[in-house]
Amino acid sequence: MTTTTPLGAEEQTASPAAPAGGRRPAPRRIRTGNGLVFVLPFLLVFGLFMVWPIVQGLWMSFTDSSLALRDTSFVGFDNYTEAFGDPDVWSSLGNTVFFTVVSSVPLVLVALAMALLVHSGLAGQWAWRLSFFAPYLLPVTVVTMIWTWLYQPELGMANQLLTTLGMEPVGWLSDESVAMWSVAALTVWWTVGFNFLLYLAALQSLPTTFDEAAALDGAGAWRRLWSVTLPQLRRTTGLVAMLQILASLKVFDQIYILTKGGPNGSTRPVLEYVYDVGFTGYRLGYASAISYLFFALIVVVSLVQLRLFRRED
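Definitions and cut-offs
- Residues numbered from 1 in each chain as written.
- Predicted model: local features only at pLDDT ≥ 70, side-chain atom pairs only at ≥ 80, totals over all residues.
- Heavy atoms only, no water.
- Salt bridge = Lys/Arg side-chain N within 4 Å of Asp/Glu carboxyl O.
- Helix = DSSP H or I, 4+ residues; strand = E, 2+ residues; numbered from the N terminus.
- Buried < 20%, exposed > 50% of the residue type's maximum accessible area, 1.4 Å probe, protein only.
- Contact = heavy atoms within 4.5 Å.
- Arc of directions from axis to C-beta.

(A) Highlighting the pattern of salt bridges. According to the stated counting rule, one finds three salt bridges in the structure shown. For the salt bridge of E82 with R283, the shortest nitrogen-to-oxygen distance reads 3.0 Å. You can see E82 sitting in helix α3 (residues 78-84) and its partner R283 sitting in the loop between α13 (270-280) and α14 (284-312), a full 201 residues away along the chain. Across the salt bridge formed by R268 and D276, the nearest N and O atoms sit 3.9 Å from each other. Owing to a relative accessible area of 18%, R268 belongs among the buried residues under this scheme. A relative accessible area of 22% places D276 in the partly exposed class.

This is the structure:
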């Protein structure tokens, strides 16, 4: 005859007997020394290349530190006061905000359209995916070289196309009213592939039951897209928008190589002005103050975005 052991009886028999007095032995302390040994190299590198530069830069913003002078003195908030009254700071900030608006909106909408096009089952999907994502793999110097030739006033393809259509050539990089739009077009072509991949991954993970149910109820393709697909992509759209706004606010490379802030400072962003003040004007303390004010602005924008997305969720 087979007997069954009550559930938990093995654990009870395996557990050590309590000593006299009814007290069980105290649990062993978890030793964290071994873990700290593995984490210590990362902490050292992080502190050396992240924490220390941040602290050093913050201290520098309260001094008159300069590349042309050895001696520095504490000036308090004078650099910050000067930054608030500097018209070049405000003009470069306006350029940065304008670039963020004109680049972020198409980078979200165009990426979504590209992902929907590929997800719809278009023939030759591998070719579409490659062509959409390939520009993102190019370094900034190659991208700016390509678009410099496209924007060339006399031989560039852009003006050649306008001439063929009977229109006047445009100074894509020399006209103050057009230069920032030219940089935005370059940025959209270059970086839209990353957002395209995020949207495509989100579309491929959506359940098909809702779309099928809407189709059975008689909803057309556009109605299903607007009422079923897009609402399910709300979180992905929020993520893409937040990443894109933060990336656009920190624009520097393509503008510096393509226009160097010209013409007449019409495309100069904040980070390029910080570079000009610090490494051309040798005023490291003042440049640090401007950079920390801009850093505070980015933190505020990030917190506002997170608050809005949480409220929507």
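More follows now that the structure is in view.
(B) Spotlight on the side chain of S182. If you trace the backbone, S182 turns up in helix α8 (residues 179-204). With relative accessibility at 2%, the residue S182 sits in the buried group. Dropping the residues within four chain positions of it, S182 is found in contact with Y151, W172 and L173.

(C) Geometry of helix α7 (residues 157-164). Those residues of α7 that sit buried are A158, N159 and L162. Taken end-on, α7 shows its buried residues confined to a sector of 90°, consistent with a single buried face. Opposite the buried face of α7, at more than 90 degrees from it, the exposed residues are M157, L161 and T164. Taken together, the buried residues of α7 touch α6 (140-150). Phi turns positive one or two residues past the end of α7, at G166, with a value near 85°.

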